[in-house]
Structure formats: C-alpha cells, structure tokens
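Read off the chains here:
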Amino acid sequence: TVERTLVLVKPDGVRRGLIGEVISRFERKGLKIVAMKMLRLSREKAMEFYSVHKDKPFFKDLVDFMTSGPIVAMILEGDSVISVVRQMIGSTDGRKAQPGTIRGDFALSVQENVVHASDSPESFERESKVIFSDEDYVNY
Ligand code: CMP
C-alpha cells in the first residue's frame, strides 16, 4: 500500500551538514519527496509537534533542542513508507541503533539523533499538519 510519512532532519543534522546524506538515502531507496521545506520551529509548534511527550522528563530539553536551529521537513511517499523509513532511521538511541541505519551511522545520543519520522498513519496525519499545508504538496 502506498503511504506517506513525515521526516525531519533535526537541528543537529542540519548543523552537521547531513541534509544531503539523509535525503540521498531516501532518494536511493526509491521514495518520492512530495513536499519539502527548511524552517525554524517556534516553541509553540515544537510543543504541539511533540505533544505526546509533554509529560516526559525530557520534554523541555527536547523542545529547547528542536528550536535551537533550522530543520528540514519532508513528506515521503512510497509502498509501506512508514515502516520502511522507520527501519532506515534505526532505534531512537543512537548508541543502540544498528550500523547501516541513519542514527546507527551518524548519532551517539538519544536526543540529538539527526532525524525524526512518523511512527504510524495517525502520527503522520497529526504531525504533517503541524508543519505543512495542502498547498505545500507537489503533484508529479
Ligand atoms: P523522535 O523520534 O523525534 O521522538 C521523540 C524524541 O524525543 C526522540 O526522537 C528524541 O530526540 C527525544 N527522546 C526520546 N527519548 C529520550 C530520552 N530518554 N531522553 C532524551 N530525549 C529523548
């Protein structure tokens, strides 16, 4: 089934010059980019985006981190793209993520883990609306 997912290159990924590396992996996999933008999240948007974690002890640090610099957001489309992209990014904790995954190859932290990707169709619906509007999608 063709699905869509939301991917963010987080502020650490942008600072480290990994935007191209991340996009390149998804392109080589055969996934289609149907929307993309670079932006800096406001505190309000970051809190809304990560609202499921609002009661976690790491929530404030996460919001501070996610607003510390620009991010690159993209919507990817492809067969089973949600689970495919989750496999390609690896476990949340960069120290535990498998080599060959984005986090396994580029992250050594649980917070500064280079990328985010939606974990379900419901998360995609919610998260994509925090960042993108209907006009941002390109048909091709
Ligand atoms: P992400 O996949 O974007 O989803 C929630 C984010 O919170 C996660 O990646 C990390 O950046 C961060 N995070 C998750 N767990 C922890 C933790 N235990 N300590 C600090 N940050 C965390």
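On a predicted model such as this, the values are computed, not experimentally measured, just so you know. (Residues numbered from 1 in each chain as written. Predicted model: local features only at pLDDT ≥ 70, side-chain atom pairs only at ≥ 80, totals over all residues.)

**Side note on the confidence of the model for the chain**
Averaged over the chain, the pLDDT score is 98; the fraction of residues at 70 or greater is 100%. Across the whole predicted complex the pTM is 0.98, and at the interface the ipTM reaches 0.95. (pLDDT = per-residue confidence, 0-100.)

**Some thoughts on the sheet that holds strand S3 (residues 71-79)**
The strand order across the open sheet formed by 4 strands is S2-S3-S1-S4, and the pairing between neighbours is antiparallel. Strands with a single pairing partner mark the edges of an open sheet, and in this sheet they are strand S2 (32-39) and strand S4 (115-117). Averaged over all adjacent pairs, the angle separating strand axes in this sheet is 20 degrees, with direction ignored. Relative to S4, strand S1 (residues 2-9) runs antiparallel, the two sharing 3 bridges. (Pairing = 2+ DSSP bridges. Helix = DSSP H or I, 4+ residues; strand = E, 2+ residues; numbered from the N terminus. Axes fitted to C-alpha atoms, helices over the stretch in contact; angles between N-to-C directions.)

**Notes on the site of the ligand**
Around the ligand, the structure places His 53, Phe 58, Leu 62, Thr 92, Val 110, Gln 111, Asn 113 and His 116. Among the residues making up the shell around the ligand, the classes are represented as 3 nonpolar, 5 polar and no charged. (Near = placed C-beta within 6 Å. Nonpolar A, V, L, I, M, F, W, Y, C, P; charged D, E, K, R; others polar.)

**Notes on the UniProt feature "active site" (unreviewed entry) in the chain**
As annotated in UniProt, the feature "active site" (unreviewed entry) corresponds to His 116 in the numbering used here. One can find His 116 in strand S4. In this structure His 116 touches Val 7, Leu 8 and Lys 10, once residues within four positions along its chain are discounted. (UniProt positions renumbered as here; feature names shortened; annotations may be inferred. Contact = placed C-beta atoms within 7 Å.)

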